[in-house]
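What follows is the residue order along each chain.
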Amino acid sequence: MPEHAGPGTTSTVVAATPQRAVDVVVVGAGPAGSAAALEVARAGHSVVLLERGPYPGSKNVYGGVVYGRVLDELVPRWWEQMPVQRWVTRRSTMIMTPTQALTVDFRTQAWAGPPYNGATAHRSDLDGWLAGLAEKEGAVLVPSTVATGLLRDTAGAIVGVRTDRPDGDLTAKVVIACDGVNSFLAKEAGMFAGKPTGHVTLGVKETLRLPRSVIDERFGVAGQDGVDIEILGCTRGIPGGGFVYTNLDSLSVGVVVDPHGLAGKRLRPEELVADLKRHPAIEPLVRGGELLEYSAHLIPEGGYDTMPELVGDGFLVAGDAAAMCLAAGIWLEGVNFALGAGMYAGRAAVDALKVGDTSKTGLASYRRMLDESFVLADHRKLRRVPGLVLGQRMQESYPAMLCDLAQGLFHVDNPQPKPGLLKLVRRTLKRHGIRTRDVVSDALTGVRSFG
Amino acid sequence: MTYDQPAFDDHMSTVDFEVARRPHITVNNEVCRSCRTTDCVYACPAKLFVPTSDGGILFNYEQCFECGTCYQVCSGQGALSWTYPDGGHGVAFRKG
Ligand SMILES: Cc1cc2nc3c(=O)[nH]c(=O)nc-3n(C[C@H](O)[C@H](O)[C@H](O)COP(=O)(O)OP(=O)(O)OC[C@H]3O[C@@H](n4cnc5c(N)ncnc54)[C@H](O)[C@@H]3O)c2cc1C
Ligand code: SF4
Ligand code: SF4
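For clarity, every value in this text was computed on a predicted model and none was experimentally measured.

Caption draft 1: Looking closely at the site of ligand 1. Glu-51, Gly-63, Val-65, Arg-123 and Asp-320 of chain A are the nearest of the 37 residues found near ligand 1. Each of chains A and B places residues near ligand 1. Here Ala-32 of chain A contributes a backbone N or O atom positioned 2.9 Å from an oxygen atom of ligand 1. The contact in question runs from an oxygen atom of ligand 1 to an N or O atom on the side chain of Glu-51 of chain A, over 2.6 Å. Taken by itself ligand 1 offers 1000 Å² of open surface, and the protein chains cover 98% of this. Classifying every residue of the shell around ligand 1 by side-chain character gives 18 nonpolar, twelve polar and seven charged. A domain split of the shell around ligand 1 shows at least three residues from each of domain 1 (11-69 + 117-197 + 306-372) and domain 2 (200-300) of chain A.

Caption draft 2: Spatial organisation of the pairing of strand E6 (residues 100-107) of chain A. Residue and element names in this part refer to chain A. Alignment of strand E5 (residues 86-97) against E6, held across eight bridges, turns out to be antiparallel. The residue bridging Met-96 from the neighbouring strand is Ala-101, located in E6. Hairpin connection, E5 to E6: the antiparallel pair is bridged by two residues.

Caption draft 3: Layout of the environment of Lys-136 of chain A. All names here are of chain A. The topology assignment puts Lys-136 in helix H2 (residues 123-136). Classification of Lys-136 as exposed rests on a relative accessible area of 70%. Between the C-alpha atoms of Lys-136 and Arg-42, which are 94 residues apart in sequence, the distance is 9.2 Å.

Caption draft 4: Fine view of the layout of surface pockets. Residues and elements named next belong to chain A. Of the pockets and cavities examined, the largest pocket occupies roughly 490 Å³. Along the wall of the largest pocket there are 22 residues; nearest its centre are Ile-95, Leu-232, Ile-330, Met-394 and Leu-402. Counting residues per element, the ones that place at least two in the lining of the largest pocket are E5, E6, helix H10 (385-389), helix H11 (392-410) and helix H13 (436-450). When its residues are assigned to classes, the lining of the largest pocket shows 18 nonpolar, three polar and one charged. No fewer than three residues from each of domain 1 (11-69 + 117-197 + 306-372) and domain 3 (386-450) sit in the lining of the largest pocket.

Caption draft 5: Representation of the interface of chain B and chain A in the model. Taken residue by residue, the interface counts 41 residues in chain B and 53 residues in chain A. Between chain B and chain A we count three salt bridges in total. A salt bridge links Arg-52 of chain A to Glu-66 of chain B, with the shortest nitrogen-to-oxygen separation between them at 2.7 Å. The interface formed by chain B and chain A includes 30 residue pairs in polar contact (both at pLDDT 80 or more). For the side of chain B that touches chain A, the secondary-structure elements that each account for two or more residues are helix H1 (8-12), helix H3 (39-43), helix H4 (69-73) and strand E6 (90-92) of chain B.

Caption draft 6: Region of the structure containing the packing of helix H7 (residues 335-355) of chain A against helix H8 (residues 365-372) of chain A. All names here are of chain A. Contact geometry for H7 and H8: axes closest at 8 Å, N-to-C directions at 145 degrees. Crossing of H7 against H8: the hand is right-handed. Mapping the contact onto sequence places Ala-341, Tyr-344, Ala-345, Arg-347, Ala-348 and Asp-351 in H7 and Ser-365, Tyr-366, Met-369 and Leu-370 in H8. Partitioned by chemical class, the residues of the contact of H7 with H8 number seven nonpolar, one polar and two charged.

Caption draft 7: A look at the domain arrangement of chain A. All names here are of chain A. The domain architecture assigned to chain A consists of domain 1 (11-69 + 117-197 + 306-372), domain 2 (200-300) and domain 3 (386-450). Of note, the centres of domain 2 and domain 3, computed from C-alpha atoms alone, are 26 Å apart. Facing seven residues of domain 2, the contacting portion of domain 3 comprises six residues. Summed over both partners, the interface of domain 2 with domain 3 buries about 490 Å², with 60% contributed by carbon and sulfur atoms. For the interface between domain 2 and domain 3, the tally reads zero salt bridges.

Caption draft 8: Main features of helix H12 (residues 421-431) of chain A. Residues and elements named next belong to chain A. Among the residues of H12, those classed as buried are Leu-424, Thr-428 and Leu-429. Projected down its long axis, H12 shows its buried positions confined to an angular sector of 130 degrees, all on one face. H12 presents Leu-422, Lys-423, Arg-426 and Lys-430 as exposed residues on the side facing more than 90 degrees away from its buried surface. Buried positions along H12 lie against H11 and H13.

Caption draft 9: Quick look at the site of ligand 2. The local shell around ligand 2 consists of Cys-32, Cys-35, Thr-38, Asp-39, Cys-40, Ile-57, Cys-74, Gly-76 and Ala-79 of chain B. Each residue belonging to the shell around ligand 2 can be placed in one class, and the counts come to six nonpolar, two polar and one charged.

Caption draft 10: Molecular detail of the nonpolar core. All names here are of chain A. Counting residues in hydrophobic clusters, the biggest one holds 94 residues, and the most contacted among them are Ile-176, Phe-315, Met-324 and Tyr-366. When residues in this core are grouped by element, the largest group, 13 residues, is from H7. When sequence neighbours within four positions are dropped, the list of residues in contact with Phe-315 reads Leu-150, Ile-158, Val-175, Ala-177, Leu-185, Ala-186, Ala-189, Met-191, Leu-310 and Leu-363.

Caption draft 11: Highlighting the side chain of Gln-85 of chain A. Residues and elements named next belong to chain A. Positionally, Gln-85 belongs in the loop between strand E4 (65-67) and E5. We classify Gln-85 as buried; its relative accessible area is 12%. A polar contact of 3.0 Å, which involves the side chain of Gln-85, links it to the backbone nitrogen of Leu-248.

Caption draft 12: Up close: helix H9 (residues 374-381) of chain A. Taken together, the buried positions of H9 of chain A are Val-375, Leu-376 and His-379 of chain A. An end-on view of H9 of chain A places all buried positions within 75 degrees of arc, on one side of the element.

Caption draft 13: Structural detail: the confidence of the model for chain B. Residues and elements named next belong to chain B. For chain B, mean pLDDT is 93; residues scoring 70 or higher make up 94% of the total. Contacts for the low-pLDDT stretch residues 1-5, under 50 throughout, to residues beyond four places or in other chains number eight contacts. Model confidence for the complex: the whole-complex pTM is 0.96, and ipTM, which rates the interface, is 0.94.

What counts, and at which threshold
Per-chain numbering applies: the sequence of each chain, read as written, is numbered from 1 onward. Chain letters and ligand numbers both follow the written order, the letters beginning at A and the numbers at 1. In keeping with the predicted nature of the model, local features appear solely for residues at pLDDT of at least 70, side-chain atom pairs appear and are counted solely at 80 or more, and the whole-chain, interface and lining totals rest on all residues. To get the side-chain values, all heavy atoms of the structure are used, and hydrogens and water are removed first. If a single non-hydrogen atom of a residue is within 4 Å of a molecule or strand, that residue counts as near it. Two N or O atoms form a polar contact when they lie within 3.5 Å of each other; inside protein one atom must be a possible hydrogen donor and the other a possible acceptor, and for residues adjacent in sequence the pair counts only when both atoms belong to side chains. Each accessible area is a Shrake-Rupley result for a 1.4 Å probe, and residues are judged covered by the shown protein chains and nothing else. Polar here means any residue outside two lists: the nonpolar Ala, Val, Leu, Ile, Met, Phe, Trp, Tyr, Cys and Pro, and the charged Asp, Glu, Lys and Arg; Gly therefore counts as polar. Throughout, the edges of the domains are those of an automatic or database domain assignment. DSSP-based pairing: two strands are paired if at least 2 bridges between them are found. Going along the chain from the N terminus, every DSSP run of H or I of four or more residues is numbered as a helix, and every run of E of two or more is numbered as a strand. Under the scheme applied here, a residue whose accessible area is under 20% of the maximum for its type counts as buried, over 50% as exposed, and between as partly exposed, the area being computed with a 1.4 Å probe on protein chains only. Here a cavity is any set of points on a 1 Å grid over the protein atoms alone where a 1.4 Å probe fits but cannot get out, and a pocket is any open set with protein on both sides within 12 Å along at least 5 of 7 lines; a residue lines the site when it has an atom within 4 Å of a point. Grid points are joined across faces, edges and corners, and a volume is the space filled by probe spheres set on the points. Contacts are residue-level and defined by heavy atoms, with any inter-residue pair within 4.5 Å sufficient. The salt bridge criterion pairs a side-chain nitrogen of Lys or Arg with a carboxyl oxygen of Asp or Glu, the two atoms within 4 Å. Here, axes are lines fitted to C-alpha atoms. For helices the fit covers the stretch in contact, and angles between N-to-C directions go from 0 to 180 degrees. Note: crossing handedness is left-handed where the near helix turns anticlockwise from the far helix by less than a right angle, and right-handed where it turns clockwise. Buried area is a sum: the accessible area each of two parts loses on coming together, probed at 1.4 Å, counted once for each and added. This arc corresponds to the set of directions leading from the helix axis out to the C-beta atoms. Buried residues of nine kinds, namely Ala, Val, Leu, Ile, Met, Phe, Trp, Tyr and Cys, make up a nonpolar core once their side-chain atoms join them within 4.5 Å. pLDDT expresses how confident the predictor is about each individual residue, on a scale running from 0 to 100.

Here you go:
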């Protein structure tokens, strides 16, 4: 039995008595884990929330926009408490080539008041707040502690976790694995058997300090309003994308990129961020920003078809650990899915404890609740989107083609007369070697996914 | 136009680490010497894999983000032994 967590962990078989140290152990105090612990504690059961970092959020990195509506079910008037930097009232999608940028820019003041839509927040603030909510309901947060493997009874049911504390075995009636993208516990439990693995994207980010008034001016916002820019075409043909988000007095600028694509192009991730910061459409926004923190993290990007089994005997998997993150170009949502899944996992554990059956059958309500909610409904609907958005056409051909099309439309070439639109489209498609057939097929995939 | 991209050390100096005694990741140079892709050299966001003149890899675990990218991209059987650092050690992001 290795005493450290990693890809090589194995379970320990213990002689389990029906007596357990606690009702539920939740591994990982990210959004999924804290939501799960909150629901279990609220129902009056004992629950320990294990976190390997010294404080919640210390190991976690994201872009950073949280979509908070899922919190309606957990915390009344959550927007009055959540540690928010800015409320997103302006959302832009930018497609670029090294010298061009075409932006669809949307803003609405409907998102500037309760119940809002997206909010920027730092993970250390957000994760700390969420874990604090669980603690207030009676969950016991145990930081600086790694779950290094699973405990099983002789029949294979999961009956607890081993930790790296002295006397660190902790038995429980239900273990909820919310340990994030590397998902070592679910792998150890065999939940990924027969599933495609390795569908991860690397995210790297710089947090850049700028005075609040400068951000307000450059991004055209006031008060606590903020901006979210998602970018396609900024990763030199390696599948991925970029982002710029406004915090109160800093910006989050980064790229997400297929890590398998870097060596082939002899590129490093921080070079792609530097590229983005130099781009003529981005440089004026980030100019002079002082680097506060450089950070990186993996993202599960495979979507629905790469999700593991979610329920085992005495075992549930939620959040990034179950690949529930939606990472598809202009969408980068994982915190909301993690919160939703964690909440349902907590409720399923409570259902099972109530009837005294924490087997796979007793815990089955988890899958049902997920199926009926946005968590799996959205993922099922969008299952083909990762492939579409990360494909070569969406990554390289379309951004270049659309930018050229826009340039063709706006370019005044007197004394040449203006070209007709159809002709311009046909000419641009041809120049970029794009077949109408592919455009139609991609459009259909898009319509089927989003229609 | 010139652009001030701080050197990579300046990037890493913005991150806090509670360095543990135990190296939580180790590299087996026997395997790396016959690796043709050296994906780790390009993909590790903390730039911890440095190729050496004899075709091996110099690796220092101390400023690791614990992201998992290296073991995901490495195709060398047994090249990496990969674990999380023990509780409380390793990277501690302040913003994230
Ligand atoms: C660059 C980037 C940008 C992103 N942008 C966005 C965005 O803008 N909006 C959005 O909604 N989502 C975004 N995401 C996705 C989002 O961060 C994740 O989907 C979300 O954090 C998942 O929450 P979780 O609770 O499942 O996992 P995590 O947040 O990863 O939490 C897992 C927790 O488990 C702990 N842990 C792991 N293993 C163990 C162990 N063995 N023992 C004890 N503790 C353990 C970890 O320390 C961690 O605290 C982004 C992700 C990245 C990387
Ligand atoms: S760690 Fe893996 S990818 Fe890196 S050089 Fe060694 S074998 Fe190659
Ligand atoms: S875990 Fe991430 S930061 Fe650490 S060595 Fe591997 S790739 Fe580099």
